[in-house]
Amino acid sequence: MSPRNRGRSRAPASEQAYATWANGPGEGDATTDHLETRRGYAMIYFDNAATSWPKPSGVAEAMAGFITNGGGNPGRSSHRKAIEAGRVVYSAREAVARLFNAPDPLRVVFGSNVTEALNLALNGVLRPADHVVTSSVEHNSVMRPLRALERRGVEVTVVACAPDGTLDPDRVECAIRQNTVMIVLNHASNVVGTILPVTEVGAIARSHQIIFLVDAAQTGGAYPLDMQDANIGLLAFTGHKSLYGPMGTGGLIVSDRFDSDRLHPLKRGGTGSSSESEEQPDFLPDMGESGTLNVPGLAGLHAGVRWVLDRGVARIRAHEAALTQRLIDGLRSIAGITVYGTGDAALQVATVSFNIAGMDPAEVGLRLDDEYGIMCRVGLHCCPAAHKTIGTFPRGTVRFGLGPMNSKAQVDATLDAVRTLAGRRR
Amino acid sequence: MSGSAYAVVLVPSSSHAIRGEHVLNMAGIASKLIPVPRTISSECGVCLRIAHHDREAVEKALNEARVLIHRIVDL
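Every value quoted in this text rests on a predicted model; they were computed, and no experiment measured them.

**A look at the overall build of chain A**
Then, number 1: For chain A, the helix and strand inventory stands at twelve helices and 15 strands.
Then, number 2: Here the C-alpha atoms of chain A give a radius of gyration of 22 Å, agreeing with the 22 Å that 2.2 N^0.38 yields for 426 residues.
Then, number 3: When the backbone C-alpha atoms are referred to their principal axes, chain A occupies close to 70 × 55 × 35 Å.
Then, number 4: Put simply, chain A has 426 residues, and 53% of those count as buried.
Then, number 5: Taking the contacts inside chain A whose residues are at least 6 apart along the sequence as the reference set, 71% of them involve residues at least 24 apart.

Right, here's the structure in full:
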């Protein structure tokens, strides 16, 4: 890949042909309509671990459709537009519940993102003198609330993962004390992609009658997750990653095994229900949904989850795992590159972290973007704990996040670019 | 016995009402979401209007689907 066309406003025919080849159809939309070119190169979006792009067809249309034709406030009025808005929200609840095998759509509590859901679960359950167990690869969306709770008397044990991000469930069980009320784990690391053993830990939590909270930000829609099989009491999800909805959507699913009286709301206010009372409703989902919901966003989320359900998580997973292994193997074949994690796509999601010896991750990211149109994320990924675990703190890593819209050709083009950058350093 | 052909199902919130509508629809039972009559409750929001003769079937279907019912009132 030569940068000889840098600066041209339009790529020549040969470059356009290359663009078509390099961005050949991924598993998703079988066209390259969503792709653009920059300085004569095909643009490659490898930052799906931060947010997925492009969204499947139907997502933007559903959002625009609600704004254009819907527009009522769910639960606040009883005219047809309000009821239709309520049906939009319900459809999204039902789709999300089906994806995670939740017992009841009304136990899906929508919020603005997975961080809010995790804050609801952690702040809503944990009290001074309670003990909580977590892992050393958690995102700051878990660690920051836990550190704040720690200052208020909650006891926190962080169980160390191995340098490849794997977690031994026995170590989690060993950390349990008499006052342990919760285990919180992400399903997969947002830094190295390593999948944590939620099924095994779920069984441990159940046997000790401990609440199991799972952060599915990196796996929801990309890796099978059955909250009943895994004995998950509280499942936090984001809408804008592998559920293909817009930003500003997410939520907490409350198992029917979890007594919702133990969950205190983060915010209180109007719900459209129990309006005769000045006290917050104690039933789900209203207890956790004060204020008008992001209904256009939930219309988009519903379309995104429908796309996942129609395609099938297994098919999405197979495509992403194949690309991930190709990327890992390719990176490992380049001199001067360190790839973090297990190196085995079967043990991780489509998130790959690496470094080029002697090169700042920020420089790698900038060069990939500026010179090759390849977008990734560099640095610490809001996750100092994981970087300390894998030995990359405070330098950080370069992170590629693949998705179902990506192709083998894009992986190969990216490997060529990384090989060129690494070669310049030698 | 009420003289009306209808009854209403009062539920905690519009989320429950819409789930109830969905459950009844799947069970082949007709219902309509209407504003809660002020004579029945001071709550704002919607309730499910059903045919009086479906009352038992509605209660059974909603209970099986774990839709919370506050009460069912003849109109």
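**As for the pairing of strand 3 (residues 46-51) of chain B**
Residues and elements named next belong to chain B.
Then, number 1: In the sheet, strand 1 (residues 6-10) pairs with strand 3 via four bridges, with the strands oriented antiparallel. From the neighbouring strand, tyrosine 6 faces strand 3, where its bridge partner is alanine 51.
Then, number 2: With five bridges joining them, strand 2 (residues 31-35) and strand 3 adopt antiparallel strand pairing. Paired with isoleucine 34 across the strands is cysteine 47, a residue of strand 3.

**Considerations on the packing of helix 9 (residues 313-332) of chain A against helix 12 (residues 408-425) of chain A**
For any two helices packed against each other, the geometry is given by the interaxial angle and the distance between the axes.
All names here are of chain A.
Then, number 1: In contact at an axis separation of 10 Å, helix 9 and helix 12 are set at 20° when each is read in the N-to-C sense. The angle between helix 9 and helix 12 falls in the class roughly parallel. For helix 9 against helix 12, the interelement crossing comes out right-handed. Of the residues in helix 12, those in contact with Leu323, Arg326, Leu327, Gly330 and Leu331 of helix 9 are Lys408, Val411, Leu415 and Val418.
Then, number 2: Looking at the contact of helix 9 with helix 12, its residues break down into six nonpolar, one polar and two charged.

**Thoughts on the environment of B:Thr39**
Then, number 1: Here B:Thr39 lies in the loop between strand 2 and strand 3.
Then, number 2: On a C-alpha basis, the gap between B:Thr39 and B:Glu21 in space is 22 Å, while along the polypeptide they are 18 residues apart.

**Some details on helix 8 (residues 295-311) of chain A**
Working note: α-helix, 3.6 residues per turn, so residues spaced by three or four point in the same direction.
Residue and element names in this part refer to chain A.
Then, number 1: For helix 8, spanning 17 residues, the distance from its first C-alpha to its last is 24 Å, which sits close to the expected 24 Å at 1.5 Å a residue.
Then, number 2: Where burial is concerned, most of helix 8 is hidden: 14 out of the 17 residues are buried.
Then, number 3: Among the residues trailing helix 8, glycine 312 stands out with phi positive, at a value near 100°.

**Focus on unusual backbone geometry**
Then, number 1: In this model, A:Leu284 is joined to A:Pro285 through a cis peptide bond whose omega is 0°.
Then, number 2: Along the polypeptide, A:Pro285 turns up in the loop between strand 10 (250-254) and helix 8.
Then, number 3: A cis amide bond links A:Phe393 to the next residue, A:Pro394, at an omega of 5°.
Then, number 4: Phi at A:Gln209 is positive, roughly 55°, even though this residue is not glycine.
Then, number 5: The residue A:Gln209 is located in the loop between helix 7 (198-207) and strand 8 (211-215) in this model.
Then, number 6: For B:Arg66, which is not a glycine, the phi torsion comes out positive at approximately 60°.
Then, number 7: Take B:Arg66: there are 13 C-beta atoms within 10 Å of it, and that puts it in the partly exposed class.

**Some details on the sheet that holds strand 3 of chain B**
Through backbone hydrogen bonds, the strands of a sheet pair up, either in parallel or in antiparallel fashion.
Residue and element names in this part refer to chain B.
Then, number 1: Judged by pairing direction, the sheet is antiparallel, and its four strands sit side by side in the order 2-3-1-4 without closing on themselves. Edge strands, defined here as strands with exactly one partner in the open sheet, are strand 2 and strand 4 (71-74). For this sheet, the mean inter-axis angle between neighbouring strands, taken without regard to orientation, is 30°.

**Focus: the nonpolar core**
Residue and element names in this part refer to chain A.
Then, number 1: Within the largest apolar cluster, 140 residues are counted, with the highest numbers of intra-cluster contacts made by Ala121, Ile183, Leu235 and Ala236.
Then, number 2: In terms of residue count, the dominant contributor to this core is helix 3 (residues 80-100) (eleven residues).
Then, number 3: Not counting residues up to four positions away in its chain, the partners in contact with alanine 121 are Leu213, Leu234, Ala236 and Leu252.

**A closer look at the sheet that holds strand 4 (residues 108-111) of chain A**
All names here are of chain A.
Then, number 1: Across the sheet, which stays open at both edges, the seven strands sit in the order 4-10-9-8-7-5-6 with mixed pairing between neighbours. Single-partner strands in this sheet number two, and they are strand 4 and strand 6 (155-159). Averaged over neighbouring strand pairs, the angle between their axes works out to 20° when direction is ignored.
Then, number 2: As paired elements, strand 9 (residues 234-238) and strand 10 share five bridges and run antiparallel to each other.

**A look at the environment of A:Leu293**
Residues and elements named next belong to chain A.
Then, number 1: In this fold, leucine 293 is placed in the loop between strand 10 and helix 8.
Then, number 2: Exposure remark for leucine 293: the 23 C-beta atoms within 10 Å place this residue in the buried category.
Then, number 3: In the structure, leucine 293 is positioned 235 residues away from glycine 58 in sequence and 20 Å away in space, judged by C-alpha atoms.
Then, number 4: Each residue touching leucine 293, except ones within four places of it in the same chain, is listed here: Pro74, Val89, Phe110 and Leu298.

**Focus: the interface of chain B and chain A**
Then, number 1: If you look at the interface, chain B gives 18 residues, while chain A gives 20 residues.
Then, number 2: For the side of chain B that touches chain A, the elements supplying multiple residues, two or more each, are helix 1 (14-26) and strand 2 of chain B.
Then, number 3: By residue number, the principal contributor to the side of chain B that touches chain A is helix 1 of chain B, which donates six residues.
Then, number 4: Residues that form the side of chain B that touches chain A fall into these classes: eight nonpolar, seven polar and three charged.

**As for the pairing of strand 1 of chain B**
All names here are of chain B.
Then, number 1: When you tally the buried positions in strand 1, you get four out of five residues, the bulk of the element.
Then, number 2: As paired strands, strand 1 and strand 4 are joined by four bridges and run antiparallel to one another. Following the sheet pairing, alanine 7 is matched in strand 4 by aspartate 74.

**A closer look at the confidence of the model for chain B**
Then, number 1: Per-residue confidence for chain B gives a mean pLDDT of 91; residues scoring 70 or more make up 93%.
Then, number 2: Interface predicted TM-score (ipTM) for the complex: 0.86; the corresponding pTM is 0.90.

**Here's the deal with the confidence of the model for chain A**
Then, number 1: The predicted model of chain A averages 90 in pLDDT, with 90% of residues at 70 or higher.
Then, number 2: A low-confidence stretch, residues 1-25 of chain A (pLDDT under 50), is modelled with 40 contacts involving residues beyond four sequence positions or located in other chains.

**So, the environment of A:Arg419**
Then, number 1: Tracing the sequence through the fold places A:Arg419 in helix 12.
Then, number 2: As for A:Arg419 and A:Ser136, which are separated by 283 residues in sequence, their C-alpha atoms are 32 Å apart.

About the thresholds
- Residues numbered from 1 in each chain as written.
- Chains lettered and ligands numbered in written order.
- Predicted model: local features only at pLDDT ≥ 70, side-chain atom pairs only at ≥ 80, totals over all residues.
- Helix = DSSP H or I, 4+ residues; strand = E, 2+ residues; numbered from the N terminus.
- Rg over C-alpha atoms; globule rule 2.2 N^0.38 Å.
- Buried ≥ 20, exposed ≤ 12 C-beta atoms within 10 Å, placed from the backbone.
- Contact = placed C-beta atoms within 7 Å.
- Pairing = 2+ DSSP bridges.
- Axes fitted to C-alpha atoms, helices over the stretch in contact; angles between N-to-C directions.
- Parallel < 35°, antiparallel > 145°, perpendicular 65-115°, else oblique.
- Left-handed = near helix turned anticlockwise from the far one by under 90°.
- Nonpolar A, V, L, I, M, F, W, Y, C, P; charged D, E, K, R; others polar.
- Expected span 1.5 Å × (residues − 1).
- Core = buried A, V, L, I, M, F, W, Y, C linked by C-beta atoms within 7 Å.
- pLDDT = per-residue confidence, 0-100.

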